Amino acid sequence: MAKFKKKAKAKQDIPTSALPDIIFMLLFFFMVTTVLRENTINVLQNIPKATELRKLQRKSLVSYLYVGKPRNTAKFGDEPKIQANDVFIEVRDIGQWIEKERSKLDEVERDQLTVALKSDKDVKMGLISDIQMELRKANARKLMYSTPQRIDK
Amino acid sequence: MARSKRGTTEINSSSMADIAFLLLIFFLVTTTIANDKGLTLALPPHPDDVEQQDIKIPERNIFKILINSSDRLMVENQEMQDVSRLREMIKEFVLNNGVDPNLSDSPEKAIVSIKTNRGTSYERFIEVYNEVQGAYYDIYAERAGVTNEKWREIASNTSDPDNKRIYEKAREGIPMQISIAEPNKVSN
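Residues numbered from 1 in each chain as written. Chains lettered and ligands numbered in written order. Predicted model: local features only at pLDDT ≥ 70, side-chain atom pairs only at ≥ 80, totals over all residues. Heavy atoms only, no water.

Using the criterion set out here, one finds 11 aromatic pairs over all chains in the structure. With centroids separated by 6.0 Å and ring planes inclined at 65°, the aromatic side chains of tyrosine 145 of chain A and tyrosine 122 of chain B adopt a geometry described as edge-to-face. Of this pair, tyrosine 145 of chain A sits in strand β6 (residues 142–146) while tyrosine 122 of chain B sits in helix α3 (residues 122–144), each in a different chain. Given the relative accessible area of 0%, tyrosine 145 of chain A is considered buried. Ring plane angle 40° and centroid distance 6.2 Å describe the contact between tyrosine 136 of chain B and tyrosine 140 of chain B, whose orientation is recorded as tilted. With tyrosine 136 of chain B and tyrosine 140 of chain B both in helix α3 and four residues apart, this pair spans about one turn of that helix. Taking the relative accessible area as the measure of exposure, tyrosine 140 of chain B reaches 0% and is therefore buried. Ring pairs connect the aromatic residues Tyr145 of chain A together with Tyr122, Phe125 and Tyr129 of chain B, which therefore count as one cluster. (Phe/Tyr/Trp six-rings, centres within 6.5 Å; stacked < 30°, edge-to-face > 60°. Helix = DSSP H or I, 4+ residues; strand = E, 2+ residues; numbered from the N terminus. Buried < 20%, exposed > 50% of the residue type's maximum accessible area, 1.4 Å probe, protein only.)

So, in structure tokens, the structure goes:
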């Protein structure tokens, strides 16, 4: 049966000459999207999850406050502390911190400053409400409880 | 200095992929995809900045949620442990329109009040607050004829005129009034 000739063996190897290009593309993607973490977080961050999340539109208007037990309990004790940028601050310093964060923004946008609170789940509401009171005093009334998305349910 | 011998001018590029891989892995590891999502909240002005007024709000227009220091819940004077029913209860409360004498007069007057204790954990508070906001988002989403998820997307981006129109229409007459009372000083 000469009609059914055996097919010529196909080439087995995948051309890899485009591999570096693909990798470079991935690389550039990550380089562009990366925001290098500006400061190390010195408090435990086991943030409770929630489902009804909203997204913030302007990232430049957001300032983060981290609340939780210090990681280095030998040095800082195990009472929850507030971290702003890379230092621990006390509740009474929040007003000053807000002013500092505001001064970084454009004048027209200063009243739109949003504070994102990243708090550990074991923090008590006493501290949280003290923080909220200080924010109210400083007239920084846009607050967000920053939480990850809960998948189940 | 001796000139090097003129050889082939090609650079060996086979290790290019490896170099790129290394860089890629570096960026993969250091990347923190910033999450800018969360539960939003507008705080009221500081008590010293506003005139103190004693406003009498009828009992029926307040949906009371109390959380004590051991994270136990009391909703409308009844103990409750499971938060999953809370959402339906709030929806019923807000959209009552004066039918049930124990629930709100109208959505405009309805207030959901959350009161915590200083010893309440943040986790429990978030759990409850999530349900309360969720109930309102459900109401709005239903009025706008979209899903809850889509609604939150619309509400997050009201600079778009189309979104703004939907947003305002759905919220008309049903303001989200969630009061977060200051916790008691004494923990029990």
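Each side of the interface is counted separately: chain A has 52 residues, and chain B has 50 residues. Per-residue buried area on chain A facing chain B is highest for Glu52, Arg54 and Tyr145 of chain A; these three make up 18% of the total on that side. Between chain A and chain B we count three salt bridges in total. Here chain A is connected to chain B by 23 residue pairs in polar contact (both at pLDDT 80 or more). Those elements giving two or more residues to the side of chain A that touches chain B turn out to be α1 (19–33), β1 (54–55), β5 (114–119), α4 (125–137) and β6 of chain A. In terms of residue count, α4 of chain A provides more of the side of chain A that touches chain B than any other element does, 11 residues in total. Taken together, the residues that form the side of chain A that touches chain B break down as 26 nonpolar, nine polar and 17 charged. Summarising the sheet, β1 of chain A and strand β1 (residues 37–42) of chain B pair through two bridges and their orientation is antiparallel. Bridging from a neighbouring strand, lysine 55 of chain A pairs with lysine 37 of chain B of β1 of chain B. (Contact = heavy atoms within 4.5 Å. Buried area = accessible area lost by both parts, 1.4 Å probe. Salt bridge = Lys/Arg side-chain N within 4 Å of Asp/Glu carboxyl O. Polar contact = N/O pair within 3.5 Å; in protein donor to acceptor, adjacent residues only side chain to side chain. Nonpolar A, V, L, I, M, F, W, Y, C, P; charged D, E, K, R; others polar. Pairing = 2+ DSSP bridges.)

As a further point, take the sheet that holds strand β3 (residues 81–84) of chain A. With respect to topology, seven strands assemble into an open sheet ordered β1(A)-β1(B)-β6(A)-β5(A)-β2(A)-β3(A)-β4(A), the strand pairing being mixed. A strand with exactly one partner marks an edge of an open sheet, and here the two such strands are β1 and β4 (87–89) of chain A. With five bridges joining them, β6 of chain A and β1 of chain B adopt antiparallel strand pairing. Within the sheet, the bridge partner assigned to lysine 142 of chain A lies in β1 of chain B and is alanine 42 of chain B. Across the face of the sheet, α3 of chain B comes into contact with β1, β5 and β6 of chain A together with β1 of chain B while running at roughly 80° to β1 of chain B. (Axes fitted to C-alpha atoms, helices over the stretch in contact; angles between N-to-C directions.)

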